[in-house]
Amino acid sequence: MIKSPLNYKTAALLSLGICLLINILFIIMFLYGKDSVVPPDGERIRPNFNLHITFIYALFNFITAFTIYMVNFYLLNKKYLSKRNWLIIVPAVIIVTVIISLLFSYLSISIEDRPFHARVYWGALFRDLFIATVVTLSSQLLYVSHKQQQTLIENETLLVENIRSRFQALKSQVDPHFLFNSLNTLNSLIAIDKDKAQEYVQQLSNVFRYTLQTKEKITLEEELKFNYSYCHLMQIRYGDNLKFVYDIDEKFYAYSIIPLTIQALVENAIKHNVVSNKQPLTIKIITKSDGLLSVSNRIQPKKELERGEGIGLVNLRERYKLMYKSEIEVNNTEEEFEVVVPLLID
């Protein structure tokens, strides 16, 4: 929430600016304006410049502007200046200002001991109407600008919270899905090879220790360490029928990636392709020079094709859209299936 600019500090600064502007204009008009006093002999003389009276007028201009600002700020902060009330309250403020202006003009004439002249009143009215109009319009502009900024920040906050909630919902889908597959694999290994099953449990504990972390992004180096453990689990299950080829440039180790990205792509490749003695599956995990990570495999479709791309890939697409507004690239040819994800620079 941004702090409202409708306060006494803003009122004082703006009032000072208006006061300086009006008095600078007054001094310019005095120095370069026409002579106003014509004596009987016809010789024109310029009236004396009274610094004391000028200071009094400047002070009155400041007080007038400051008072009107504070009245406007109070009404705006209390939300009294609706479209309907604005047409009533604003003219009332200006009328009060005009009355005060007339009284002050009368007092200034008395102090200076000058003869009454209508131009004095008209000049004072014009000056104070100008001040009241400028103050009222600038107050409205400040209020509207503040409300727009406030609304923008609130919308951004809601959007971030919505993205965070959706991200956490998507992330929560990964762990149950992975756990279900892992338990099925463990159940199969127990009946086949108890030693491998024990090793599988140890590796599985390392994997789940990683999945329990709550970071929204992680370095590629950390993600690869986890993926090595995960791939080891898969090789325990499939043996030599499953191979992994890594070609990772170390300069990308410090780049960021969404956790479980590589695991989801590896799992997707194993899920949708035949892995057997006759058709061993090789999964390539490589980095490209333009800051991209590629996970690819030769297409060896199962006889019973599963619909869709699988929850892992769909989930991954959505997470990258939500968190980084970026797309992952899917290249599906007759011979090879490749997914390319961006590596992020912090």
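A brief report on the enclosed structure follows. (Residues numbered from 1 in each chain as written. Predicted model: local features only at pLDDT ≥ 70, side-chain atom pairs only at ≥ 80, totals over all residues. Heavy atoms only, no water.)

Bringing the environment of Thr 136 into the picture now. Tracing the backbone through its elements, the reader meets Thr 136 in helix α4 (residues 118-192). Between the C-alpha atoms of Thr 136 and Ile 68, which are 68 residues apart in sequence, the distance is 7.6 Å. (Helix = DSSP H or I, 4+ residues; strand = E, 2+ residues; numbered from the N terminus.)

Moving on, we come to a negative patch on the surface. Among the surface-exposed residues, Glu 221, Glu 222, Asp 247, Asp 249 and Glu 250 lie close enough to one another that they form a single negatively charged patch. Inspection of the secondary structure puts Asp 247 in strand β2 (residues 242-247). The partly exposed category is assigned to Asp 247, whose relative accessible area is 48%. (Patch = residues over 30% accessible without salt bridge, like charges linked within 9 Å, V, L, I, M, F, W, Y side chains within 5 Å. Areas by Shrake-Rupley, 256 points an atom, 1.4 Å probe, with all protein chains shown as cover. Salt bridge = Lys/Arg side-chain N within 4 Å of Asp/Glu carboxyl O. Lys, Arg positive; Asp, Glu negative; His and termini not counted. Charge placed at Lys NZ, Arg CZ, Asp CG, Glu CD. Buried < 20%, exposed > 50% of the residue type's maximum accessible area, 1.4 Å probe, protein only.)

One non-glycine residue with positive phi stands out, namely Leu 260, at about 70°. Summarising the element assignment, Leu 260 is placed in the loop between β3 (256-257) and α7 (261-272). By relative accessible area, which is 4% here, Leu 260 ends up buried.

This brings us to the packing of aromatic side chains. Taken as a whole, this structure holds five aromatic pairs when the rule is applied. Plain terms: the ring middles of Phe 62 and Phe 66 are 6.1 Å apart, the flat faces sit at 15° to each other, and that makes the pair stacked. Of this pair, Phe 62 and Phe 66 are both found in helix α2 (residues 51-77), four residues apart, which corresponds to roughly one turn of the helix. Relative accessible area serves as the criterion here: at 26%, Phe 62 is assigned to the partly exposed category. Judged by its relative accessible area of 25%, Phe 66 is partly exposed. Arranged with centres 4.9 Å apart and planes meeting at 75°, the rings of Tyr 228 and Tyr 246 form a pair that is edge-to-face. (Phe/Tyr/Trp six-rings, centres within 6.5 Å; stacked < 30°, edge-to-face > 60°.)

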